[in-house]
Structure formats: C-alpha cells, structure tokens
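Topology and contacts: notes
The primary structure of each chain is shown beneath.
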Amino acid sequence: MKELLEFIAKTLVSHPDEVSVTEIRAESDRSIILELRVSKDDMGKVIGRQGKIARSIRAVMKACAVKENMHVSVEIVQ
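First, a word on what this report is: a plain description of the structure on this page. (Residues numbered from 1 in each chain as written. Predicted model: local features only at pLDDT ≥ 70, side-chain atom pairs only at ≥ 80, totals over all residues. Heavy atoms only, no water.)

Okay, the environment of His15 next. Tracing the backbone through its elements, the reader meets His15 in the loop between helix H1 (2-12) and strand E1 (20-25). Leave out the neighbours within four places in its chain, and His15 touches Ser39, Asp41 and Asp42. (Helix = DSSP H or I, 4+ residues; strand = E, 2+ residues; numbered from the N terminus. Contact = heavy atoms within 4.5 Å.)

Turning our eyes to something else, we now look at the pattern of salt bridges. One pass over the full model with this rule turns up four salt bridges. Of the charged contacts, one joins Arg37 and Glu35 as a salt bridge, the two residues approaching to 3.2 Å between their closest N and O atoms. On the accessibility criterion, Arg37 (32% relative accessible area) is partly exposed. Residue classification places Glu35 among the buried positions, given a relative accessible area of 17%. (Salt bridge = Lys/Arg side-chain N within 4 Å of Asp/Glu carboxyl O. Buried < 20%, exposed > 50% of the residue type's maximum accessible area, 1.4 Å probe, protein only.)

Let us look at a nonpolar patch on the surface. Residues Leu4, Phe7 and Val60 make up a contiguous nonpolar surface patch of roughly 270 Å² in combined accessible area. Note that Phe7 resides in helix H1. (Patch = residues over 30% accessible without salt bridge, like charges linked within 9 Å, V, L, I, M, F, W, Y side chains within 5 Å. Areas by Shrake-Rupley, 256 points an atom, 1.4 Å probe, with all protein chains shown as cover.)

Attention shifts here to the environment of Leu5. Topologically, Leu5 is positioned in helix H1. Among all residues touching Leu5, those that are not within four sequence positions of it are Val21, Leu34, Leu36, Ile57, Met61 and Val74.

Okay, here's the thing in structure tokens:
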C-alpha cells in the first residue's frame with residue numbers, strides 16, 4: 001500500500017523527488033497509518049479544491065486496504 005500511495009502522489013506533484021511516505025503500524029496488526037510528505041509548493045495539488053483529491057486518495061487507499069483485510073489511515077503532513 002505504501003508503494004501505491006507513493007505512485008499516486010508522484011503523478012500529481014511537480015516535484016516527485018520530494019515525495020515520501022512513512023508507514024506506521026498501529027496497535028493492532030491490521031491497522032496502518034501512512035504519512036504522506038510532499039513539497040510545500042505541491043501541497044495544494046495533493047489536497048485539491050475543498051479536499052477533493054485528498055478524499056479520493058483516501059478512498060482508493062481504503063479500497064486497497066479492504067482487499068487485504070486491513071484498515072488504513074492516510075495523513076498528509078508538512
């Protein structure tokens with residue numbers, strides 16, 4: 001899932017070399033937190049107008065997680 005989020009983010013931004021994804025395992029083995037970091041200039045491209053792109057990214061990641069019987073949370077951090 002980490003690779004999928006990284007791929008999606010790199011296709012959206014102007015500076016793909018500054019994209020990084022950190023995977024954090026939560027208390028249970030079935031929960032994952034993915035922290036997405038992008039360039040300050042690209043933050044708007046990842047979030048989108050009224051958060052539409054961010055919501056879409058989260059929806060795709062949740063669909064992937066359900067397929068693997070997991071729970072995922074995507075956080076976009078600076």
